[in-house]
Every structure is written in C-alpha cells, then in structure tokens.
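Observations on the model geometry
Residues per chain, in single letters:
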Amino acid sequence: MKSFTTAFGLLAGATSVLGHSTFQEMWVDGVDKVSTCARLPLSNNPVTSVTTNDIRCNAGTVPVTPLCTVDAGGNVTVEMHAQPGDRSCANQAIGGNHYGPILVYMSKVANAATDVGAGSWFKVDEFGYDVATNKWGTDLLNDNCGKRSFKVPADLAPGNYLVRAEAIALHTASTAGGAQFYMTCFQINLTGTGTKTPAGVSFPGAYKATDPGILINIYQASNIANYQIPGPALFTG
Ligand SMILES: *[C@@H]1O[C@H](CO)[C@@H](O)[C@H](O)[C@H]1NC(C)=O
Ligand SMILES: *[C@@H]1O[C@H](CO)[C@@H](O)[C@H](O)[C@H]1NC(C)=O
Ligand SMILES: [Cu+2]
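Residues numbered from 1 in each chain as written. Chains lettered and ligands numbered in written order. Predicted model: local features only at pLDDT ≥ 70, side-chain atom pairs only at ≥ 80, totals over all residues. Heavy atoms only, no water.

The name given to the chain in an unreviewed UniProt entry is AA9 family lytic polysaccharide monooxygenase, and the organism recorded there is Lachnellula suecica. Listed under Cofactor (unreviewed entry) in UniProt, the entry text for the chain is "Cu(2+)". Looking at the Catalytic activity (unreviewed entry) heading of the UniProt record, one finds this comment for the chain: "[(1->4)-beta-D-glucosyl]n+m + reduced acceptor + O2 = 4-dehydro-beta-D-glucosyl-[(1->4)-beta-D-glucosyl]n-1 + [(1->4)-beta-D-glucosyl]m + acceptor + H2O." (UniProt positions renumbered as here; feature names shortened; annotations may be inferred.)

**Quick word on the site of ligand 2**
Around ligand 2 lies a shell formed by Leu67, Asn160, Asn189 and Thr191. Across the complex, the protein chains shield 29% of the 360 Å² of accessible surface that ligand 2 would expose by itself. The residue makeup of the shell around ligand 2, split by class, is one nonpolar, three polar and no charged. (Near = heavy atom within 4 Å. Areas by Shrake-Rupley, 256 points an atom, 1.4 Å probe, with all protein chains shown as cover. Nonpolar A, V, L, I, M, F, W, Y, C, P; charged D, E, K, R; others polar.)

**Side note on the nonpolar core**
Soluble, globular proteins show a tendency: their nonpolar side chains are buried together. Ranked by internal contacts, the top residues of the largest apolar core, which has 32 residues, are Met26, Met106, Phe186 and Ile188. Mapped onto this core, the elements with two or more residues apiece are strand E1 (22-28), strand E4 (68-71), strand E5 (75-81), strand E6 (102-108), strand E7 (122-127), strand E11 (159-169) and strand E12 (180-191). Contact partners of Phe186, with chain neighbours within four places excluded, come to Phe23, Gln24, Glu25, Met26, Cys37, Ala38, Val78, Tyr161, Leu162, Val163 and Ala165. Ranked by size, the runner-up nonpolar core spans 27 residues in total, among them Val47, Val50, Ala112 and Tyr227. (Core = buried A, V, L, I, M, F, W, Y, C linked by side-chain atoms within 4.5 Å. Buried < 20%, exposed > 50% of the residue type's maximum accessible area, 1.4 Å probe, protein only. Helix = DSSP H or I, 4+ residues; strand = E, 2+ residues; numbered from the N terminus. Contact = heavy atoms within 4.5 Å.)

**Looking at empty space enclosed by the protein**
Across all of its chains, the model carries one cavity of 30 Å³ or more by this definition. There is about 30 Å³ of room inside the largest cavity. Lining the largest cavity, in full, are Met80, His81, Cys89, Asn91, Gln92, Ala93, Leu141, Asn142, Cys145 and Gly146. When contributions to the lining of the largest cavity are tallied by element, the ones reaching two or more residues are E5 and helix H4 (137-143). (1 Å grid on protein atoms, 1.4 Å probe; cavity = no way out; pocket = protein on both sides within 12 Å on 5 of 7 lines; lining within 4 Å. Points joined across faces, edges and corners; volume = space filled by probe spheres on them.)

**Comments concerning the state of the cysteines**
A complete count under the given rule lists three disulfides for this structure. Disulfide partner of Cys57: Cys185, at an S-S distance of 2.1 Å. Measuring handedness by torsion sign, the sulfur bridge of Cys57 and Cys185 sits at about -85° and is left-handed. A residue pair is termed long-range when its members are at least 10 positions apart, and Cys57 in helix H3 (residues 54-57) and Cys185 in strand E12 qualify at 128 residues. There is no split in this pair, since Cys57 and Cys185 are both buried. In this model Cys89 forms its disulfide with Cys145; the gap between the sulfur atoms is 2.1 Å. Judged by the sign of its S-S torsion, about -85°, the bond between Cys89 and Cys145 is left-handed. Within this pair, whereas Cys89 is found in the loop between E5 and E6, its partner Cys145 is found in the loop between H4 and strand E10 (147-151), the two being separated by 56 residues in sequence. Judged by its relative accessible area of 57%, Cys89 is exposed. Judged by relative accessible area, Cys145 falls into the buried class, the value being 13%. Listing the disulfide partners of the chain by sequence rank of the bonded cysteines yields 1-3, 2-6, 4-5. (Disulfide = S-S within 2.5 Å.)

**Things to note about the UniProt feature "domain: Auxiliary Activity family 9 catalytic" (unreviewed entry) in the chain**
The sites that carry the UniProt feature "domain: Auxiliary Activity family 9 catalytic" (unreviewed entry) are, in the present numbering, residues 20-227. Here residues 20-227 runs as 7% helix and 32% strand, with 22 Å between its end C-alpha atoms.

**Some remarks on the side chain of Arg39**
With respect to the element layout, Arg39 can be found in strand E3 (residues 38-39). Of the polar contacts made by the side chain of Arg39, one reaches the backbone oxygen of Asp115; its length is 2.8 Å. (Polar contact = N/O pair within 3.5 Å; in protein donor to acceptor, adjacent residues only side chain to side chain.)

**Focus: the site of ligand 1**
The local shell around ligand 1 consists of Gly30, Asn75, Thr77 and Ser149. The side chain of Asn75 places a nitrogen or oxygen atom 2.4 Å from an oxygen atom of ligand 1. Between ligand 1 and the protein, one listed contact pairs an oxygen atom with a side-chain N or O atom of Thr77 at 3.4 Å. Class assignment for the residues of the shell around ligand 1 results in no nonpolar, four polar and no charged.

**Things to note about the environment of Ala169**
Take Ala169: it is sitting in strand E11. In sequence terms Ala169 and Ala179 are 10 residues apart; their C-alpha atoms lie 5.9 Å from each other. Other than its neighbours up to four places away in sequence, Ala169 contacts His98, Tyr99, Ala179, Gln180 and Tyr182.

Quick look at the structure:
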C-alpha cells in the first residue's frame, strides 16, 4: 500500500483504502504469464465515475508491448491482489468488506498494443451473488488466491483483443457514486478458426450510476437475493 497509494488515496479514508486492489496477472491454459501483457493500474484506487474514459482500462494506464497468445476455447485466469506484485495467498485479494461482482469483457481491436478501448466490449464471464452459498464474486477471489478462470468462447474470430477484468466493490454503494470499480486491461492475440464477432457495449456507456447492480444497499438481504450484475448479457459462444 505504501508505495502504491497516492496522496489522494491516503486521504480517502482508512476503511475503504484497506480493501483497494488491482487485477495484475494472467494465466493462459495453466501457464503463468505474470503481468507481461497487463496494463497495470498506476494505483490500487478505484474508478468511481462510470462516465469517464477511466472506466475502460483504469486511470492513466498505458499500453504495453507484449501480447499474451490465447487459443480460442482456452482457459484464461485473471488474478487480483491488493498490493503490486504481492501474490501471497495469505493476504486477501480484495479485503475490507469489498463485496461485489466480478466481470470479464473482451473487445476486438486492430492492435491490442495500442488500442485505447474505445470500441465495442462483450462480456465473457461474470459472477454476482449466490444466495445458496452467500458468496459474492469478490469472495470467490479471496477463496482462490485472487484467481478467476473463464473459458474464452471457442467460436470467436481470431485476432487481437483487449481483455478487461473487473471487480465492483459495493460496500458503500447505497449512495450514487459510492460503488468502486477495479479494472485492468490485458492485451491478447487470439488464435483459432472461429468467425464470431459479438455485438457489444461501450465504456463509458455500459453502466449508469443508478443501475440496480451499482446503486444498491447490499446490507439488505432482499436487495441482493436477485442481484442484477451490471452490463450486457453474457456471450458464451
Ligand atoms: C484453468 O486454469 C487455472 C489456472 O491454472 C486452473 O486452476 C483451473 O483448474 C483451470 N480450469 C480448467 C477448467 O481447466
Ligand atoms: C497473432 O497470431 C497469429 C496466428 O498465430 C499470427 O499470425 C500473428 O502474427 C499474431 N499477431 C500478433 C500481433 O502477435
Ligand atoms: Cu476500496
């Protein structure tokens, strides 16, 4: 936290700062690509406005040179931790009561090593809240050392994509602007013979501050029993 939190973050209040986190690593079919193809966030502070361009790939991030090669139909894992480079499973991936959904989007781009994320995004993975187990998506991250795995749809057209991994913390979301968005964009080159180019949404635009999954008091059980994950329907191929 010390090296990673800006002066602004330190002013934001001890309770919320405690749980700040970032997606940092990617695994492809069980191979650890560490942060090579990640546009690492400059701090672990959240984005709180859904109308800024920061909602695409986090505030101030810049493209990196490497791409991670992923086969369509493959198993991709994104990994979140509170502090930069700290992958210790002893530390919560996203603590401080930062309960909320986890989501993964992809956007087909001409060049993942330069694209700013202004194009069309489709959703490939999500986990909101499960009543039976009383688990949020962020609980799953904490249970799995920050990892969330998903299958890349097998019929996607090959080419460069940005992969946007996101956790939304809802512990202070009962007032507008209180939800905290933590996202990282990864750059990949997808190989395969698929042909699908799913329709998508844009960021900003996909979320409204008043969406039922964003403006919500999660401490009321009736509110979360039918929790509505923000964004478009899942594309599973
Ligand atoms: C996907 O990869 C992760 C990380 O290596 C692994 O833990 C998980 O079991 C894999 N899932 C499948 C369905 O192969
Ligand atoms: C992406 O993969 C294809 C197929 O292997 C390859 O021809 C192409 O050069 C790669 N593109 C980049 C930018 O790595
Ligand atoms: Cu926070």
